[in-house]
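Below are the chains, spelled out letter by letter.
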Amino acid sequence: MSRKPERRRRATAAFANHPNATATRSSEEPDDNPDASLNADRRSGNPAKRAANKRAKQTADAEKPKAYAGRPIRSRRAEPGEACAATHRQIIPTGTVDEYAAMLPPVTPIEADDLDINKHFHHYTDAHVQSASAFITRSGVCRYMTDHHVAGKDHRGRKETIPFHAIMVALWLIATDGGNLWMTNVRDVLFHKISATSRARLGITYSDRPTRPADEARDQPLALADRNWDENSERTVARTFARMLATIDPSVLPKNRNLEWQDVEQRKRSLTVAQQQLFQARLDWVCNRLLETAFRCLPRKVRRKYQGSACIDATPMRLYSKMRGKHNAYCSSDPDGGVYDHVGDHGEPAVLSRGVFWALEIHLIVAVDCHNGDRQWLPALPLCMTTDRPGFDPSGNARRMFAYLAQIRDLPRKWLAGDLLYTDQIPGKFQDAAREVGYQPVLGYGSKHHGSQGTHRTGARMVEGTFICPAMPEELINATVLRRTKDSDGVPLRTHEEWLGNIQSREDYLMRTHGKEEDGKQRLACPAAGNNPTARCPLKEKSLPERKTRQPDGKVVDVRLTINPPEHLKGPNDEPLLDVCKQQTITIDYTEDGDESYSRYRQELRYGTDQHQRTYVRLRQAQEGVHGFAKKHAAQALDNPDARLVRGKAAQTLFAALLLAASSIAKIRKFLRTAERSPQTGHRWVKREALTDALRTPPGDAAPDPPPEELPAVA
């Protein structure tokens, strides 16, 4: 995700008062540019002419200096004879060899063949190893995989010399230490970085290296016994890891070979569809147990502040394999991945262009503190995950995560935010599934979603997720459309303040709920219906008598809105024509007549309101912040494929779970170190920045930037 809007905002704030700052206009003020009329005249219905105008505009723009709004211009081409880098760069003359040697200090002889250059390992203390072992034991993943491995054996065989538990402990130590998840590093941790006592506790019975690396003679070749031990021990670790993955691996494709697809078909694992689904469920369970264990490392008092709000999104994880498109006759050496594209649904484009890469897509649900105010009571942490090819079945991957979360009885569930990819999903596969497990979607809308989203057979209209009176003026219905639409000068037809006023004015036309929703059906009443109408309408005679109420200033007046229904809603004798106007209440079936738009777009938080915007932006920002934090090369480096060389969906998904869980531990540790404690309640909190700038656009126009404190550090 691009962070240019955030950088532009910071640049504007930093240089707003600069003495050389250029005067800039607001995006909502008229443009005095004399070229505006020329650009408007260049518009043509002829495609060739439009293309020529576009090239001419690009050429003209290339000659103009580029600058952020409010920032002084710091780039332009020097005029002939003007000072520039070509004439003012520093040049240090070298001279001859003798001249330069005369300036050098004397070079004295150096002897270093007696220095210790043997490999020395960073050692983990027994307490550190015991802590990592307790984390893996508490998650229960090793016992689960060991039980399935034993159950799948045809015969008992020899006793393992390196248990699954030892492998997972070593991987967890590497992940939390920011190392590479290589089998060589796992071997080094188990035999060179922990003590013999820790090895015995982990159940390792594999023999030690004949010669310790620190005791090797520097000028002697590696002994054959040591060379054999290095190769055999690493091979043993890799085989143990492969046996462990075999219990949870849903992939049927061969790895590490660039084979033709016709050969791949002959080398597939013989797993039925039901078996593939079972192994996928096992893989998701193991990974999510690791994430849940890390989440529960939060102190109980901090964890109780969590109200259940979350955000769902997907992020790519690059793979250590060469990209092969879906129309290529040869498969990739890691065929479980796919081509990732940053635009659209992130699936493989028709033509492989610059910027695409080979990856798995991590679908992630992040737990977020959504309290109002400037206090954050707990850090944003990964809660549930799964992986798949980029752009493939996002709603199916969401349901897999919902299925796991539904089994956590003590986990609250409230708001669930998602980007436009989830807004466009089939309601029965995403929105309804989210509501079944207790989440209430908080969605953004794109340009095709704004305004009227359908009219029910009773006459009630759905406008941006909410049913409203059919007599609501068109300017209120299309408020967001006008906010997003710009005139020929590039100025929006509605300012942000006008748009907020229109959103507030919609409240007088809202349909009111009667009772609870049952089996996807909800009873609604128009604002002028019932014994306590909140508006007056000539089509509802009971709403016309005056109903005075005391106002905050002490006056007693009737402040209700008077609805003026248009002529097409009335008959020849001014009688109501629509059921919503005839009846006191109507029943909405959100999937009636196969129309899925009602169930797809409806939201419990009214779109555009302050609560909706703050909830949506807060959740989306936290999600992007978790992605950036986990991908930092200075820590877990989830975005570095060189740190994950073992190929295959199971290995890469397990690595991703370990790295995400390790990032959760790092965030928890940072939160507990920096949080302030309330003297009255004892609750911890950190101060977070206000969302003033992030609330200037309707939710869904663009992905929000992550919080500044969670921006990835430069490697």
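Please read all numbers here as calculations on a predicted model, not as lab measurements.

(A) Geometry of the overall build of the protein. The secondary structure content of the protein amounts to 24 helices and 19 strands. Per-residue burial for the protein yields a buried fraction of 45% across its 715 residues. Summarising the internal contacts of the protein: among those between residues at least 6 apart in sequence, 71% fall at separations of at least 24. For the protein, the exposed area adds up to about 38300 Å²; of that, 49% sits on carbon and sulfur atoms.

(B) Up close: the nonpolar core. With 81 residues, the main nonpolar core has M168, L190 and F241 as its most contacted residues. Per-element tally for this core: the top contributor is helix 24 (residues 649-674), with twelve residues. Judged by nonpolar contacts, the second largest core, of 35 residues, contains A460, M462, I468 and L476.

(C) Highlighting the sheet that holds strand 11 (residues 512-518). The strand order across the open sheet built from three strands is 11-12-17, with neighbouring strands paired in antiparallel fashion. Both outer strands of the open sheet, strand 11 and strand 17 (586-589), are each paired with one neighbouring strand and no more. The sheet shows a mean angle of 25° between the axes of neighbouring strands, direction not considered. Two elements, strand 11 and strand 12 (residues 521-525), share four bridges in a ladder whose sense is antiparallel.

(D) Broad picture of unusual backbone geometry. Positive phi values are uncommon outside glycine, yet N256 reaches one of about 65°. As for its placement among the helices and strands, N256 is situated in the loop between helix 11 (224-246) and helix 12 (261-267). Despite not being glycine, D393 has its phi angle at roughly 50°, a positive value. Mapped onto the elements of the fold, D393 is located in the loop between strand 5 (381-388) and helix 15 (394-405).

(E) Representation of the pattern of salt bridges. Evaluated as defined, the whole model comprises 24 salt bridges. Across the pair E474 and R461 runs a salt bridge whose closest N-O atoms are separated by 3.2 Å. A residue pair is termed long-range when its members are at least 10 positions apart, and E474 in helix 18 (residues 474-477) and R461 in strand 9 (residues 461-463) qualify at 13 residues. According to the relative accessible area criterion, E474 is partly exposed, its value standing at 44%. For the salt bridge of R620 with E624, the shortest nitrogen-to-oxygen distance reads 3.4 Å. In this pair, R620 and E624 are both assigned in helix 23 (residues 610-630), four residues apart and thus about one turn of the helix distant. The same class applies to R620 as to E624, namely buried. Three or more residues are tied together by salt bridges with common partners; here these are R289, E292, R296 and D410.

(F) Spotlight on helix 24. Taking 1.5 Å per residue as the helical rise, helix 24 with its 26 residues ought to reach 38 Å, and the 37 Å between its terminal C-alpha atoms agrees with that figure. Of all the 26 residues making up helix 24, 20 are buried; the element is thus mostly covered by neighbouring parts of the structure.

(G) A look at the packing of aromatic side chains. Overall, the coordinates contain 15 aromatic pairs when judged by the stated rule. On the numbers, 5.7 Å between centres and 5° between planes, the contact of F241 with F655 is stacked. Highlighted residues: F241 in helix 11 and F655 in helix 24, separated in sequence by 414 residues. Taken as a pair, F241 and F655 share a single burial class, namely buried. On the basis of an interplanar angle of 40° and a centroid distance of 6.2 Å, the ring pair of F402 and Y439 is categorised as tilted. In this pair, F402 sits in helix 15 while Y439 sits in the loop between helix 17 (431-436) and strand 7 (440-443), placing the two residues 37 residues apart along the sequence. Y439 matches F402 in its accessibility class, with the two residues each being buried.

(H) Local environment of the packing of helix 23 against helix 24. Interaxial distance between helix 23 and helix 24 falls to 10 Å at its minimum, and their mutual angle equals 105°. Considered as vectors, helix 23 and helix 24 are oriented roughly perpendicular to each other. Facing V626, F629 and A630 of helix 23, the residues of helix 24 in contact are L660, S663, A666 and K667. Residues belonging to the contact of helix 23 with helix 24 are distributed by class as follows: five nonpolar, one polar and one charged.

(I) Region of interest: the pairing of strand 6 (residues 415-418). Both faces of strand 6 are covered, namely the face carrying W415 and A417 and the face carrying L416 and G418. Relative to strand 6, strand 1 (residues 310-318) runs parallel, the two being bridged by two bridges. In the strand pairing of strand 6, C311 is matched with A417. The pairing of strand 6 with strand 7 spans four bridges and is parallel. When the sheet's bridge partners are listed, A417 is paired in strand 7 with V442.

(J) Examining the packing of helix 6 (residues 126-139) against helix 13 (residues 273-295) more closely. Where helix 6 meets helix 13, the closest approach of the two axes is 9 Å, and the angle between their N-to-C directions is 125°. With respect to each other, helix 6 and helix 13 are oriented oblique. Crossing handedness for the pair helix 6 and helix 13: right-handed. Listed contacts from helix 13 to F135, I136, R138 and S139 of helix 6 are W285, R289, L290, T293 and A294. Class assignment for the residues of the contact of helix 6 with helix 13 results in five nonpolar, two polar and two charged.

(K) Region of the structure containing the sheet that holds strand 9. In space, the three strands of this open sheet follow the order 8-9-10, with antiparallel pairing throughout. Of all the strands in the sheet, just strand 8 (452-455) and strand 10 (466-468) have a single pairing partner and so form its edges. Adjacent strand axes in the sheet meet at a mean angle of 30° when their direction is disregarded. Bridge count between strand 8 and strand 9: two bridges; the pairing is antiparallel. Paired with T455 across the two strands is R461, which belongs to strand 9.

(L) Fine view of a nonpolar patch on the surface. Residues Y100, M103 and L104 make up a contiguous nonpolar surface patch of roughly 330 Å² in combined accessible area. Along the chain, the position of L104 falls in the loop between helix 5 (97-103) and helix 6. Residue class for L104 comes out partly exposed when judged on its relative accessible area of 43%.

(M) Region of interest: the confidence of the model for the protein. For the protein, per-residue confidence averages 84 on the pLDDT scale, and residues scoring 70 or more make up 86% of the total. Contacts for the low-pLDDT stretch residues 66-70, under 50 throughout, to residues beyond four places or in other chains number eleven contacts.

(N) Spatial organisation of the environment of A367. Inspection of the secondary structure assignment puts A367 in strand 3 (residues 357-367). The spacing of A367 and L416 is 49 residues in sequence and 9.5 Å in space, taken between C-alpha atoms. Excluding its chain neighbours within four sequence positions, the residues that come into contact with A367 are F295, Y306, S309, P379, A380, L381 and L383.

Conventions used here
- Residues numbered from 1 in each chain as written.
- Predicted model: local features only at pLDDT ≥ 70, side-chain atom pairs only at ≥ 80, totals over all residues.
- Heavy atoms only, no water.
- Helix = DSSP H or I, 4+ residues; strand = E, 2+ residues; numbered from the N terminus.
- Buried < 20%, exposed > 50% of the residue type's maximum accessible area, 1.4 Å probe, protein only.
- Contact = heavy atoms within 4.5 Å.
- Areas by Shrake-Rupley, 256 points an atom, 1.4 Å probe, with all protein chains shown as cover.
- Core = buried A, V, L, I, M, F, W, Y, C linked by side-chain atoms within 4.5 Å.
- Pairing = 2+ DSSP bridges.
- Axes fitted to C-alpha atoms, helices over the stretch in contact; angles between N-to-C directions.
- Salt bridge = Lys/Arg side-chain N within 4 Å of Asp/Glu carboxyl O.
- Expected span 1.5 Å × (residues − 1).
- Phe/Tyr/Trp six-rings, centres within 6.5 Å; stacked < 30°, edge-to-face > 60°.
- Parallel < 35°, antiparallel > 145°, perpendicular 65-115°, else oblique.
- Nonpolar A, V, L, I, M, F, W, Y, C, P; charged D, E, K, R; others polar.
- Left-handed = near helix turned anticlockwise from the far one by under 90°.
- Patch = residues over 30% accessible without salt bridge, like charges linked within 9 Å, V, L, I, M, F, W, Y side chains within 5 Å.
- pLDDT = per-residue confidence, 0-100.

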